[in-house]
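The residues making up each chain are set out below.
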Amino acid sequence: MAAKLNSAVKKGDLKLVQQLLEDGADINAKVECGWTPLHSAVQRKSEEIVNFLLENGADPLARKDNGATPFILAGVIGNVKLLKLFLDKGSCINEYDINGFTAFMEAACYGHKEALEFLYQNGADPNQRREVDEIKKAVKKGGATALMDAASHGHFALVKILVEEMGADVNICDNQDGNALIHALSEDKGRKGREDSALFLLKNKIDANKRDVNGKTVLILAVERESLDLVEAILKLDEVDLDDADENNETALHVAVEKKNKDISKLLCEKGARVDDDVLDIARRNYQTDMIELLQKYQSEDTPRQPEIYKEFSSNRWKSKLQKLNQMHRPMIGKLKIFQYQDLWIQKTTQGGVYLGFYDGKEVAVKVFWKAAENAKREKACLEKCQTSKYLVKFCGSEERKSCLYLCLSLCEKNLQEYFKEESNATMESKKILKIIFEAVNELHAFRFGHQELHPSNILIDVTGKIFLADFDKSREITDDTKYSVISEDLKGLQKLILYVVMRGQWDFEDLPTEYPDTVQENWKEIEDLRRKLEVSDQTPLDDSLLEKLIYHPYFWPKETKYRVLSKIWNEIRAAHATKKDKKVNVLKSKDDIVSALKSEDDPFMDWKTKIDKKVLDSMIFLDKDKGNKKSNKKVKRLYRCGVADLLKLIRNMGEHYSEKDAEVHEIIRDPADYFLNLFPDLTIYVYQRLCNSDYSKYFPNPNNSS
């Protein structure tokens, strides 16, 4: 019956629709591809049936299998009355289907001016990009805007309205890094509106250095359309490289000669396009005598367009792509060889992206900016001043061409987000990762810069497993005036990174909890203490050496160091007892005494003896049993009290006398450091917190005494 109902709606037979519903047909039943009667009524533009169905219980928010709602379909047909009706029924102005299409985008695709204006007036976002799932993003689908839709369909009037009246951003890119200009030029040659749209966008300062999915530049696409006006407009910008080629190594001049377009070929030659043997061979194959004569007038000297071919690459992840770039003929930009093409992306950025490249014979990551942009200036200034760094990504050099700045950096394999996704290979200890991050930020501050965007995507790992801090385009110089705001921002970022790393990337960085989750057991008191020490407020002065000190926080101590520190603390206690006894002073009454410093009203280690294996504890109380003195009836008994001081006493004494213990005790303990630290994981941080602001902190590792 569902099929009959849908068919009746498609035919516009309202009487039959009424009869079928009276006979029990489900008003919201779906047929193939998830079409409901309401969807079909909207498609047919039948306002009467739409209203009837809604009055009788049709779901106004129902979705087809592709996620399209009746509201989105109303955008396809451009019916303003229906759009308003569905908004009144609860539709969301920016709702989208599984391919990311909104009603606003559909109106732009189909050229519905009135619908577009109505939706904009009711809050439609003209710069919304097509939202798609991670699977589609992985193959670079989605991300397009209504402006791209209007341009690709040749709706020039809508392109003008979107830009001039609705504030559409001409330089937004889709997930293939194509902007509206690429969309206007990449479609078939029909529709004059596409060319008009492209010319309009060029006048509105759109980036003319983008490429299509085949690596074709805007200039190559304009030549393919054989539009002399477009070619002239692009060349007038003086931003594009005439000799830039697509993935098949064809330049704009190659295409012009192939198409036998002498006017465009002449224009390109006059502007300085390279004329080589390949171009002449095309003209000869096509028996273009006039073209051959033209090209010979401008024939270039036989100079190489790329450096020698490399054979070995250190990168494992990027090796095949580096080989592809290596084999291409590319116009050199100073010492740099690069192809700004999506297949050679490392990472997309808001301004362009990070690409693979070769700089002075070395494989590099190339970050591309508009050279006049503020973030370009920030990153370059920071990189240049931090070239002697140990933990910051290495700066190899820079080049400029036209309006672009190319910053060449040492090539890494992955960022921290990607590392944690590779669960089987993510073996690096959390504390090792965090310590290097702390070292990197401390080093950056020593160069008088703050990072300002500490994020897992900005922590890079190279092919050898070394970790580096990267992406300084939001960095700020540290001055007397900016010191507090800059450093405190980085400390907040470090607090979040601590949680992210100890949770091994199980949560997205943006969605991290504010408190330490109970599910993570690893040294949580040490981690919380480390995070708490990163908190700053207007009421407390900013410690210039805070990060340097925290690099020596107990969380970062290896177990051997923790065990050694705990033993040394007891030696100090014993020495204090001896000194006070000689001077006939009661130890417990001395406020400055180390024992007093360790005491607390709620000593968490009062029951420590109940956690120690009885054989282990007895071996330290009855010493003669361990010395093999079987003939002696005298038993030497050593007293251990409750509380932290005597726990430290036991730990120190076991370390001193472990070799004397019998095989049974050895089997239980195995490694004294492991044994005691596993039983009392919070002991180190307790001792540290009680003594860190006293003279006894001299026993802790510190910048002046790393041992």
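Computed from a predicted structure; not experimentally measured.

S.K.: Give me the lowdown on the packing of helix α15 (residues 228–236) against helix α17 (residues 262–270), citing residues and values where you can.
M.R.: The geometry of α15 relative to α17 is characterised by a closest axis approach of 10 Å and an angle of 10° between their N-to-C directions. Looking at the two axes, α15 sits roughly parallel to α17. Contacts from Leu228, Val231, Glu232 and Leu235 in α15 reach Asp263, Ile264, Leu267 and Leu268 in α17. For the contact of α15 with α17, the residue count by class is six nonpolar, no polar and two charged.

S.K.: I'd like a description of the domain arrangement of the protein chain, backed by residues and values.
M.R.: Splitting the protein chain by domain gives domain 1 (208–307), domain 2 (318–410), domain 3 (414–556) and domain 4 (559–580 + 592–699). Contact residues are listed per partner, giving nine residues for domain 3 and seven residues for domain 4. Summed over both partners, the interface of domain 3 with domain 4 buries about 720 Å², with 55% contributed by carbon and sulfur atoms. In this structure, the connection of domain 3 to domain 4 is made through two salt bridges. Note that aspartate 682 and lysine 525 form a salt bridge whose closest N and O atoms lie 3.7 Å from each other. If you look at where domain 3 meets domain 4, you find two residue pairs in polar contact (both at pLDDT 80 or more). Ranked by residues supplied to the side of domain 3 that touches domain 4, first place goes to helix α25 (residues 524–532) with four residues. Classifying every residue of the side of domain 3 that touches domain 4 by side-chain character gives one nonpolar, two polar and six charged.

S.K.: Any details on the UniProt feature "repeat: ANK" (unreviewed entry) in the protein chain? Residues and values, ideally.
M.R.: UniProt annotation of "repeat: ANK" (unreviewed entry) refers to residues 1–32, 33–65, 66–98, 99–131, 142–175 and 248–276 when read in the numbering used here. Here residues 33–65 runs as 48% helix and 0% strand, with 5 Å between its end C-alpha atoms. With 48% helix and 0% strand, residues 99–131 has its two end C-alpha atoms placed 7 Å apart.

S.K.: Outline empty space enclosed by the protein, listing residues and values.
M.R.: This model, assessed by the stated rule, comprises three cavities of 30 Å³ or more. Looking at the second largest cavity, its volume works out to about 110 Å³. Sorting the residues of the lining of the second largest cavity by element identifies α14 (218–224) and β6 (404–410) as the ones contributing at least two each. Taken together, the residues that form the lining of the second largest cavity break down as six nonpolar, three polar and four charged.

S.K.: Talk me through the pattern of salt bridges; I want residue IDs and the actual numbers.
M.R.: Evaluation of the coordinates by the stated rule reveals 39 salt bridges. Here aspartate 177 ties to lysine 210 by a salt bridge, and the two come within 3.2 Å at their closest N and O atoms. Pair noted here: aspartate 177 is in the loop between α11 (156–164) and α12 (180–186) and lysine 210 is in the loop between α13 (192–203) and α14, with a separation of 33 residues, a long-range link. For aspartate 177, a relative accessible area of 6% corresponds to the buried category. With a shortest N-O distance of 3.5 Å, lysine 371 and glutamate 400 are connected by a salt bridge. Of this pair, lysine 371 sits in the loop between β4 (362–370) and α21 (374–385) while glutamate 400 sits in strand β5 (residues 395–401), and the two are 29 residues apart along the sequence.

S.K.: Tell me what's going on with the nonpolar core, and back it up with residues and numbers.
M.R.: Ranked by internal contacts, the top residues of the largest apolar core, which has 96 residues, are Leu119, Leu201, Leu268 and Leu295. Excluding residues that lie within four positions of it along the chain, leucine 268 makes contacts with Leu219, Val223, Val231, Leu235, Leu242, Ala252, Leu253, Ala256 and Ala273. Ala426, Ala470, Leu499 and Phe556 belong to the second largest nonpolar core, which has 61 residues in total.

S.K.: Lay out helix α1 (residues 2–11) with the relevant residues and their values.
M.R.: Here α1 has its buried residues at Leu5, Asn6, Ala8 and Val9. Down the axis of α1, the sector holding all buried residues measures 160°, keeping them to one side. Set apart from the buried face of α1 by more than 90 degrees, the exposed residues are Ala3, Lys4 and Lys11. Against α2 (14–22), α3 (37–43) and α4 (47–55) lie the buried residues of α1.

S.K.: Tell me about the sheet that holds strand β9 (residues 459–461), residues and numbers included.
M.R.: Here we have three strands laid out as an open sheet, ordered β7-β9-β10, and antiparallel in their pairing. Either end of the sheet is taken by a strand with one partner, and the two such strands are β7 (414–415) and β10 (467–469). Relative to β10, β9 runs antiparallel, the two sharing three bridges. Opposite isoleucine 461, over in β10, you have isoleucine 467 as the bridge partner. The sheet strands contacting helix α23 (residues 430–446) are β9 and β10, and the helix crosses β10 at an angle near 35°.

S.K.: How would you summarise the pairing of strand β3 (residues 353–359) if you had to cite specific residues and measurements?
M.R.: Burial of β3 is extensive: seven of the seven residues sit out of reach of the surface. Alternating residues of β3 divide into Gly353, Tyr355, Gly357 and Tyr359 and Val354, Leu356 and Phe358, and every residue in both groups is buried. Across two bridges, the pairing between strand β2 (residues 345–347) and β3 is antiparallel. Within the sheet, the bridge partner assigned to tryptophan 345 lies in β3 and is tyrosine 355. Alignment of β3 against β4, held across seven bridges, turns out to be antiparallel. Counterpart to glycine 357 in the pairing with β4 is valine 364. The antiparallel hairpin formed by β3 and β4 contains two residues in its connecting segment, where aspartate 360 sits at a positive phi of about 55°.

S.K.: Residues and numbers for the packing of aromatic side chains, please.
M.R.: Under the criterion given, the structure shown has 15 aromatic pairs. With 5.9 Å between their ring centres and 35° between their planes, phenylalanine 313 and phenylalanine 358 make a pair best called tilted. In this pair, phenylalanine 313 is assigned in the loop between α19 (289–297) and α20 (319–326) and phenylalanine 358 in strand β3, connecting sequence segments 45 residues apart. We note that phenylalanine 313, like phenylalanine 358, is buried. Put simply, the rings of Tyr419, Phe420, Tyr500 and Phe509 pair up and form one aromatic cluster. Positioned above the aromatic ring of phenylalanine 509, the side-chain terminus of lysine 496 is 4.4 Å from the ring centre. Lying over the aromatic face of tyrosine 640, lysine 649 brings its terminal NZ or CZ to 4.9 Å of the ring centre.

S.K.: Now, about the packing of α25 against helix α33 (residues 683–691): what can you tell me, with residues and values included?
M.R.: Close contact between α25 and α33 brings their axes to 9 Å; oriented N to C, the two are set at 35°. For the pair formed by α25 and α33, the contact residues are Lys525, Glu526, Asp529 and Arg532 on the first element and Thr684, Ile685, Tyr688 and Gln689 on the second. Grouping the constituent residues of the contact of α25 with α33 by class yields two nonpolar, two polar and four charged.

The rules behind each value
Residues numbered from 1 in each chain as written. Predicted model: local features only at pLDDT ≥ 70, side-chain atom pairs only at ≥ 80, totals over all residues. Heavy atoms only, no water. Axes fitted to C-alpha atoms, helices over the stretch in contact; angles between N-to-C directions. Helix = DSSP H or I, 4+ residues; strand = E, 2+ residues; numbered from the N terminus. Parallel < 35°, antiparallel > 145°, perpendicular 65-115°, else oblique. Contact = heavy atoms within 4.5 Å. Nonpolar A, V, L, I, M, F, W, Y, C, P; charged D, E, K, R; others polar. Domains from an automatic or database assignment. Buried area = accessible area lost by both parts, 1.4 Å probe. Salt bridge = Lys/Arg side-chain N within 4 Å of Asp/Glu carboxyl O. Polar contact = N/O pair within 3.5 Å; in protein donor to acceptor, adjacent residues only side chain to side chain. UniProt positions renumbered as here; feature names shortened; annotations may be inferred. 1 Å grid on protein atoms, 1.4 Å probe; cavity = no way out; pocket = protein on both sides within 12 Å on 5 of 7 lines; lining within 4 Å. Points joined across faces, edges and corners; volume = space filled by probe spheres on them. Buried < 20%, exposed > 50% of the residue type's maximum accessible area, 1.4 Å probe, protein only. Core = buried A, V, L, I, M, F, W, Y, C linked by side-chain atoms within 4.5 Å. Arc of directions from axis to C-beta. Pairing = 2+ DSSP bridges. Phe/Tyr/Trp six-rings, centres within 6.5 Å; stacked < 30°, edge-to-face > 60°. Lys NZ or Arg CZ within 6 Å of the ring centre and 35° of its normal.

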